[in-house]
Amino acid sequence: GGGCGGGAGFGGGGYGAPMDVDADTKLRKRIGWLNKDGGFENQLNYQKVAEAAAGVDIQSVMEVLKDLEENKAKVKDPTAYTSAALRKRGLGGAGVRRTIMKPKH
């Protein structure tokens, strides 16, 4: 027997679905690099970025981090900058997807 265990899925604790292990590893490595070699001197908070990135696809997350790197001179708080950009993509993405679906008649 057995069957599928009913996972909590989306919406647990106010965040979207957590990232899969592969995406999480990529994000960790990228933030580690930015903090050390990227010149951010450990200003990027992995935990906060990961929370904001929940529900956002890893490709978008990497784009946001690329933007951050390119705007390094202008950004005073890299964690806040990244979190805000990710939340915008996360919420915007879900909303857009919902509106595209045509109502069933």
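Residues numbered from 1 in each chain as written. Predicted model: local features only at pLDDT ≥ 70, side-chain atom pairs only at ≥ 80, totals over all residues. Heavy atoms only, no water.

Overview of the nonpolar core
Most often, soluble globular proteins have nonpolar side chains that are buried together. Of all hydrophobic cores here, the largest spans 17 residues; its most connected members are Leu27, Ile31, Val61, Leu65, Leu68 and Leu86. Elements supplying a minimum of two residues to this core: α1 (21-36), α2 (46-53) and α3 (58-70). Top contributing element to this core by residue count: α2, with five residues. Apart from the residues lying within four places of it in its own chain, the contact partners of Leu86 are Val49, Ala52, Ala53, Val56, Val61 and Val64. (Core = buried A, V, L, I, M, F, W, Y, C linked by side-chain atoms within 4.5 Å. Buried < 20%, exposed > 50% of the residue type's maximum accessible area, 1.4 Å probe, protein only. Helix = DSSP H or I, 4+ residues; strand = E, 2+ residues; numbered from the N terminus. Contact = heavy atoms within 4.5 Å.)

Describing the packing of α1 against α3
A pair of packed helices is characterised by two quantities: the angle between their axes and the separation of those axes. Two elements in contact, α1 and α3, have axes separated by 10 Å at closest approach and are oriented at 5°. Taken together, the axis directions place α1 and α3 in an arrangement best described as roughly parallel. Contact residues: α1 offers Ala23, Lys26, Leu27, Arg30, Ile31, Trp33 and Leu34, while α3 offers Ile58, Val61, Met62, Leu65, Lys66, Leu68 and Glu69. Class assignment of the residues belonging to the contact of α1 with α3 gives a composition of ten nonpolar, no polar and four charged. (Axes fitted to C-alpha atoms, helices over the stretch in contact; angles between N-to-C directions. Parallel < 35°, antiparallel > 145°, perpendicular 65-115°, else oblique. Nonpolar A, V, L, I, M, F, W, Y, C, P; charged D, E, K, R; others polar.)

Some points on unusual backbone geometry
With phi around 45°, Glu41 is a residue other than glycine that occupies positive phi space. Relative to the assigned elements, Glu41 resides in the loop between α1 and α2. A residue is classified by how much of its surface remains accessible, and Glu41, at 66% relative accessible area, is exposed. One non-glycine residue, Asn42, adopts positive backbone phi at about 60°. Its location among the elements puts Asn42 in the loop between α1 and α2. With relative accessibility at 62%, the residue Asn42 sits in the exposed group.

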